[in-house]
Amino acid sequence: MRIGELAKRTAVSVRSLRYYEEQDLLYADRTPGGHRDYPESAVDRVVHIQELFAAGLCSAKIVQLLPCMRDKDGGPSASATPWLVDELTEERARIDRQVAELLRARDVLDEVITAASENPLPVPSGS
């Protein structure tokens, strides 16, 4: 499949797909004319790459994890190792810390909203 079709099927820009290739996250064969030719499995791989980026992982970490994941369902591959478990556990702990920080920020906002609702300041009149 050509890069434009992969971009359309995954809702990822062509530029991002090229970046994934540069980072060794995604691979394509080349046609005799030099065009990229992706296998069908590239669709699932791009989805997993997007999920890992959304989880806050950097491309260097993702390139280490991808060989340990199956493209089809994201489950562990035969090459998954205890190292993978350690890496993913660290990433999960990092995400948990971020969630805790966001919950604290939400609590502060709730307090401000409650205080403002109970004791609203007068709206300044326009001159």
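Bear in mind that the values here come from a model prediction, so they are computed numbers and not experimental data.

Explain the packing of aromatic side chains residue by residue, including any values.
Within this structure, the stated rule accounts for 2 aromatic pairs. Ring geometry for Y20 versus F53: centroids 5.8 Å apart, planes at 25 degrees, classification stacked. You can see Y20 sitting in helix α2 (residues 14-22) and its partner F53 sitting in helix α3 (residues 41-54), a full 33 residues away along the chain. Overall, F53 belongs to the partly exposed group, its relative accessible area being 27%. An aromatic cluster of three or more residues is present, and its members are Y19, Y20 and F53.

How would you explain the UniProt feature "domain: HTH merR-type" (unreviewed entry) in the chain if you had to name every residue and give the values?
Annotation from UniProt places "domain: HTH merR-type" (unreviewed entry) at residues 1-68. Between the end C-alpha atoms of residues 1-68 there is a gap of 24 Å, over a span that is 56% helix and 6% strand.

Tell me about unusual backbone geometry, and please be specific about residues and values.
Notably, A11 is not glycine yet its phi reads approximately 60 degrees, a positive angle. Structurally, the position occupied by A11 is in the loop between α1 (3-10) and α2.

How would you summarise the nonpolar core if you had to cite specific residues and measurements?
Counting residues in hydrophobic clusters, the biggest one holds 22 residues, and the most contacted among them are L6, L17, Y20, L26, Y38 and V46. Those elements that place two or more of their residues in this core are α1, α2, α3 and α4 (59-65). Residues contacting Y20, with those up to four places away along its chain left out, are V12, L25, L26, V46, I49, Q50 and F53.

I'd like to hear about the pattern of salt bridges, residue by residue, with values.
Taken as a whole and assessed by the stated rule, the structure comprises 6 salt bridges. For E5, the salt bridge identified is with R9, shortest N-O distance 3.7 Å. Of this pair, E5 and R9 both sit in helix α1, 4 residues apart, which is roughly one turn of the helix. Among the residues examined, E5 registers a relative accessible area of 41% and is labelled partly exposed.

Criteria and thresholds
Residues numbered from 1 in each chain as written. Predicted model: local features only at pLDDT ≥ 70, side-chain atom pairs only at ≥ 80, totals over all residues. Heavy atoms only, no water. Phe/Tyr/Trp six-rings, centres within 6.5 Å; stacked < 30°, edge-to-face > 60°. Helix = DSSP H or I, 4+ residues; strand = E, 2+ residues; numbered from the N terminus. Buried < 20%, exposed > 50% of the residue type's maximum accessible area, 1.4 Å probe, protein only. UniProt positions renumbered as here; feature names shortened; annotations may be inferred. Core = buried A, V, L, I, M, F, W, Y, C linked by side-chain atoms within 4.5 Å. Contact = heavy atoms within 4.5 Å. Salt bridge = Lys/Arg side-chain N within 4 Å of Asp/Glu carboxyl O.

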